[in-house]
Structure formats: C-alpha cells, structure tokens
Amino acid sequence: MNRRRVGAGVLPRLAALVLAVLAAFSGHRCAAQADAQFSQYFEVPAYYNAGAIGVGDMLRARGGSRMQWVGIKHAPTTFIIGADMPLKLFNKRFGVGLQMQQESYGLFKNMQIGAQVAYKLRLFKGELSMGVQVGFVDQSFKGSDVFIPDNDDYHESSDDAIPQNDIRGNAFDLGLGVFYNHRWFWAGLSATHLNSPTVTMNAESGEGGNEKNYEFRLGRALYFMAGSNIPVKNTLIEVMPSALVKSDFTFTTFEATVRCRYNKFLTAGVGYRWKDAVYALLGVEFKGFFLGYSYDYSTSYIAKASSGSHEVLAGYSVKLDFSGKNRHRHKSVRIM
C-alpha cells in the first residue's frame, strides 16, 4: 500500500525511484507493508485471508503475474501461485491451502510462503471459516548494484547506512482470517503479518570486514473484502459487485469492482482503486479452466511516466466428492 505513495515521488526522474529504495536503509531499520496488490483480488482471496480456503467442494489452483507501472524501470513485478481444497476429517470440515508470492521492485526482492488451515462450520445457511496461515518471509537487497553519483545531494558513496553487498534474511510470519460464504454473497476479515516480523539482513562492509546489520520490519495489515452474485431474472447474466478495504493502521485505501458474467463463461467488468487507478477486467471460464486479465490506468501523477499496469491470472478448479460412496462401482461378472 505504501508503494503508491512512493511511486508518486519517483515520477520526475528514474533516479529518484532508486534513491527512494536506498533511503529505506538510512536508519538501518525500516518498516513497510509488503503485501502485493492484485486487481483480481476476488480470484485470489486466500492470499489476503487464510479463512478463504476450501470454499464449497472445489479444489482450486491459481497462478499468475502482475507488471506494475509499465514503462518505469525497476517498477514492481509480482508472481503468485496458490492452491486450496476442502477436507473432511473426523466428520468435521476443514480447508487446507498453500500460497507463494514473490515480488521484485528496485533492488529489493520479497518472497512470502505460507501453509493454511481453516476450520469450517455451518451457520445461517452458509459456511463460516476460521483460518490461520504460518510461513515465512524472505527479503533480499542487491547492494552490489548500488550506484550513488559523486554529486548526489542526499547520500555519500561511502555511506555505511546503504549496503554495498548483496544481503538477505528471513523471518517467521503469521496471519489470521475469518471468511463467510453464502449462496448469494461472501465476506471476510483478516490480518496479515500479525506478529510484525522483523527480517535481519547481514552484510560485510569496509576493508576490515565489519558486519553490518540491516532490519526490515513488515507492518501488520488489516483486510476486509466482500462480494455478491446477483442473477438477472430470465437471463444468463449475473452481476458480481465486490470491494476490498486494506489498512496498515497508518494508511487506509479501498477499491470497488463491478463484473457481469454471461452463462458462467465470459466475464467483463470495471473497478476503481481510491486515488490510485481505474481498471478493466476480462475473464473466461471453461470446463474448470480460468483465464483472467486486468489493465490498470493510474489516476495519479504516475500516469505521466507509465502506460499502465497489466495482470494475468490462470487457474483450474475441480469438484471433489465427499459422499464416501463409489458411484462407479460395478458387480463382478463372475457373480452376475
């Protein structure tokens, strides 16, 4: 979420983008919100909410990438992959899932991997899911590519606060989420990086090989998402509004999306992210396969330097049978 505000400051010159990244180390310790941004958030709800796994009776897999602010060098590039499914154990319903996200921006690289489990119960003709995600975050900074001009007004080329070597570190990460799914609507509330993990990265600096410690703290983030499927009477069309609110307790933003789906096959829609972008969406579903695309056009000053952002997601869903009966059982011809 902080990425948008940083982006507005990098507009005049590409160099400012790199310096903004370097400035994060000026105090040897920094805090940031590291969750990625997806315009098709409704297709990857489990990325934001550990409770949004094993919905219904489908095994779902999603993967794709997002290219942010095309036209600006070193702008964020994100890759995501995840899968989840329902599970019946001891006559109780659960959900299990895995999520992996990697993002590169400037000289930084951020990776998050998490295993998810959720307990489910029936409530008001719907299903309430309470989930937890445990995993780790991995941060790296390519200090060997740092270049500071001699006439730079903000940093000296020998500034110890800026790593001159490649550094890397990781830390334990925890997330929680509650998700409710009904025939006509869904909603969820979740928190990521609940333990506010601090990644300590080490590097050797100077001729004496003195070790320098750099810390990168991931701030807690709170998410609320909701949506609905509204069939249009006497047609094959569904209207699917949805919204996502996100906050790092310092900065709060939201986005709203309206999509229309025809015959559970073709989907088109538009969305608006507050003070950031408007976007268009297209999606196709066929025999369990899914392909989605979104294009964002920035409504901030970043539009003067970028042609927009592109996002592509693909996936597959298959229905699971929890009846406990083999519907394809046949009698042996020897006893017929």
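Note that this is a predicted model, so its numbers are computed, not measured.

Asker: Summarise the pattern of salt bridges; cite the residues concerned and give the values.
Answerer: Here the structure, examined in full by the defined rule, presents 16 salt bridges. For Glu-255, the salt bridge is made with Arg-273, and the minimal N-O distance between the two is 3.2 Å. Taken as a pair, Glu-255 in strand E14 (residues 252–262) and Arg-273 in strand E15 (residues 266–273) lie far apart in primary sequence, 18 residues in all. The partner of Asp-296 in a salt bridge is Arg-273, and the shortest N-O contact between them spans 3.1 Å. Of this pair, Asp-296 sits in strand E17 (residues 289–298) while Arg-273 sits in strand E15, and the two are 23 residues apart along the sequence. We classify Asp-296 as buried; its relative accessible area is 2%. Here the residues in one salt-bridge network are Arg-66, Lys-246, Glu-255, Arg-273, Asp-276, Asp-296 and Glu-311, joined through shared partners.

Asker: Explain the packing of aromatic side chains residue by residue, including any values.
Answerer: A complete count under the given rule lists 12 aromatic pairs for this structure. Between Tyr-180 and Phe-185, the ring centres sit 5.8 Å apart and the planes meet at 40 degrees, which makes this aromatic pair tilted. Arranged with centres 6.2 Å apart and planes meeting at 20 degrees, the rings of Phe-254 and Trp-274 form a pair that is stacked. Highlighted residues: Phe-254 in strand E14 and Trp-274 in the loop between E15 and strand E16 (277–286), separated in sequence by 20 residues. Assessed through its relative accessible area of 36%, Phe-254 is described here as partly exposed. One aromatic cluster in this structure is built from Phe-38, Tyr-47, Tyr-48 and Tyr-223. Across the ring face of Phe-42, the terminal group of Arg-259 is positioned such that the distance to the ring centre comes to 3.7 Å.

What counts and what doesn't
- Residues numbered from 1 in each chain as written.
- Predicted model: local features only at pLDDT ≥ 70, side-chain atom pairs only at ≥ 80, totals over all residues.
- Heavy atoms only, no water.
- Salt bridge = Lys/Arg side-chain N within 4 Å of Asp/Glu carboxyl O.
- Helix = DSSP H or I, 4+ residues; strand = E, 2+ residues; numbered from the N terminus.
- Buried < 20%, exposed > 50% of the residue type's maximum accessible area, 1.4 Å probe, protein only.
- Phe/Tyr/Trp six-rings, centres within 6.5 Å; stacked < 30°, edge-to-face > 60°.
- Lys NZ or Arg CZ within 6 Å of the ring centre and 35° of its normal.

The analysis is restricted to geometry; functional conclusions fall outside its scope.
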